[in-house]
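The lines below spell out each chain.
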Amino acid sequence: MEISDKLLCLFSADVTLKGDEYVVSVPRREIDTGSVEPGETYRVALISRETEEESSDEQSATTTQSSANTNTGTVSSEPQPPVEAGEIRYVEVEDIGKQGDGIARVERGYVIIVPGAEIGERVKVEITEVKSNFAVGEIIEEEF
C-alpha cells in the first residue's frame, strides 16, 4: 500500500451509530498534538479489517520482530516515529502552532516542532525529543 506524504495521522477506530449517522471518533491525542483541528474538514481513508490469514502472517512476523528487538522485547502495532533523538534533519516550517512554535512535517505527516522558527524558513535541526506522534527539533543552522 502506498502512503501519501500528506498523511497527518494514522489510528484505528470503530464506526459507531449515533442517531441516524455513523461516526468515526478521532483520538484526543491527535487533537492535542495539533495533527487534527476541530471544525476543519479532512479527507478520510478507510482500510478494511485484516482477514484471518493476514492476521496469522502478521502475528508470525511480529513474533520474529519481537525476538529480534533487544530494547523492550515488544513490538507495537502503531507506526514508529520516522526520526530518532540526536538525528539531524533539514526541514521547512509549514505552520505555526498554538504556542508560537514552528511546525514542520516529514514522512507520513509526522510533526516536528521547531521552537523559534517562522513559516517558510528552511532550517537544519537536531531532534531533541521524540514522542509517538511528534518530535521537537532544535535549530542548529538557519536557512540551509
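The structure displayed is predicted, hence computed values, not measured ones.

**Looking at the overall build of the protein**
Broken down by element type, the protein carries two helices and eight strands. When the helices and strands of the protein are listed from N to C terminus, the series reads β-β-α-α-β-β-β-β-β-β. Burial analysis of the protein (144 residues in total) assigns 23% to the buried set. Partitioning the contacts of the protein with sequence separation of at least 6, the portion at a separation of at least 24 is 40%.

**Focus: the sheet that holds strand β7 (residues 122–130)**
With mixed pairing, six strands are arranged side by side in an open sheet as β3-β7-β8-β6-β5-β4. Looking at strand neighbours, the two that pair on one side only are β3 (88–92) and β4 (95–96), the edges of this open sheet. Here strand β6 (residues 111–114) pairs with strand β8 (residues 134–142) via three bridges, running parallel. Of the residues in β8, the one forming a bridge with Ile 113 is Val 136.

**Section: the nonpolar core**
Counting 13 residues, the largest nonpolar core has Val 91, Ile 112 and Val 114 as the members making the most contacts within it. If you list the elements that add at least two residues to this core, you get β6 and β7. Per element, the largest residue contribution to this core is three residues, and it comes from β7. Aside from chain neighbours lying at most four places away, what touches Val 114 is Val 91, Asp 101, Gly 102, Val 123, Val 125, Gly 137 and Ile 139. By size, the runner-up hydrophobic cluster in this structure holds five residues, among which are Ile 103, Val 111, Ile 113 and Phe 134.

**Regarding the pairing of β6**
Neither face of β6 is exposed, since Val 111 and Ile 113 on one face and Ile 112 and Val 114 on the opposite face are all buried. Strand direction decides the pairing type here: strand β5 (residues 102–105) and β6, joined by four bridges, are antiparallel. Counted as the bridge partner of Ile 103 is Ile 113 from β6. Between β5 and the antiparallel strand that follows it, β6, lie five residues; Arg 108 among them carries a positive phi value of about 60°.

**Notes on unusual backbone geometry**
Here the phi dihedral of Arg 108 falls at roughly 60°; this positive angle occurs in a residue that is not glycine. Judged by relative accessible area, which is 29%, Arg 108 ranks as partly exposed.

**Topic: the pairing of β7**
Across five bridges, the pairing between β3 and β7 is antiparallel. Counted as the bridge partner of Glu 92 is Arg 122 from β7. Adjacent in sequence and paired antiparallel, β7 and β8 are bridged by three residues.

**Here's the deal with the pattern of salt bridges**
Any two side chains of opposite charge can pair, so long as their charged atoms come close to each other. A complete count under the given rule lists six salt bridges for this structure. Where Glu 37 meets Lys 98, a salt bridge forms, and the shortest distance between an N and an O atom there is 3.7 Å. With Glu 37 in the loop between α1 (28–32) and α2 (52–68) and Lys 98 in the loop between β4 and β5, the pair connects residues that are 61 residues apart, well separated along the chain. You can call Glu 37 partly exposed: its relative accessible area is 31%. Between Lys 131 and Glu 129 there is a salt bridge, and its shortest N-O distance comes to 3.6 Å.

Basis of the calculations
Residues numbered from 1 in each chain as written. Predicted model: local features only at pLDDT ≥ 70, side-chain atom pairs only at ≥ 80, totals over all residues. Heavy atoms only, no water. Helix = DSSP H or I, 4+ residues; strand = E, 2+ residues; numbered from the N terminus. Buried < 20%, exposed > 50% of the residue type's maximum accessible area, 1.4 Å probe, protein only. Contact = heavy atoms within 4.5 Å. Pairing = 2+ DSSP bridges. Core = buried A, V, L, I, M, F, W, Y, C linked by side-chain atoms within 4.5 Å. Salt bridge = Lys/Arg side-chain N within 4 Å of Asp/Glu carboxyl O.

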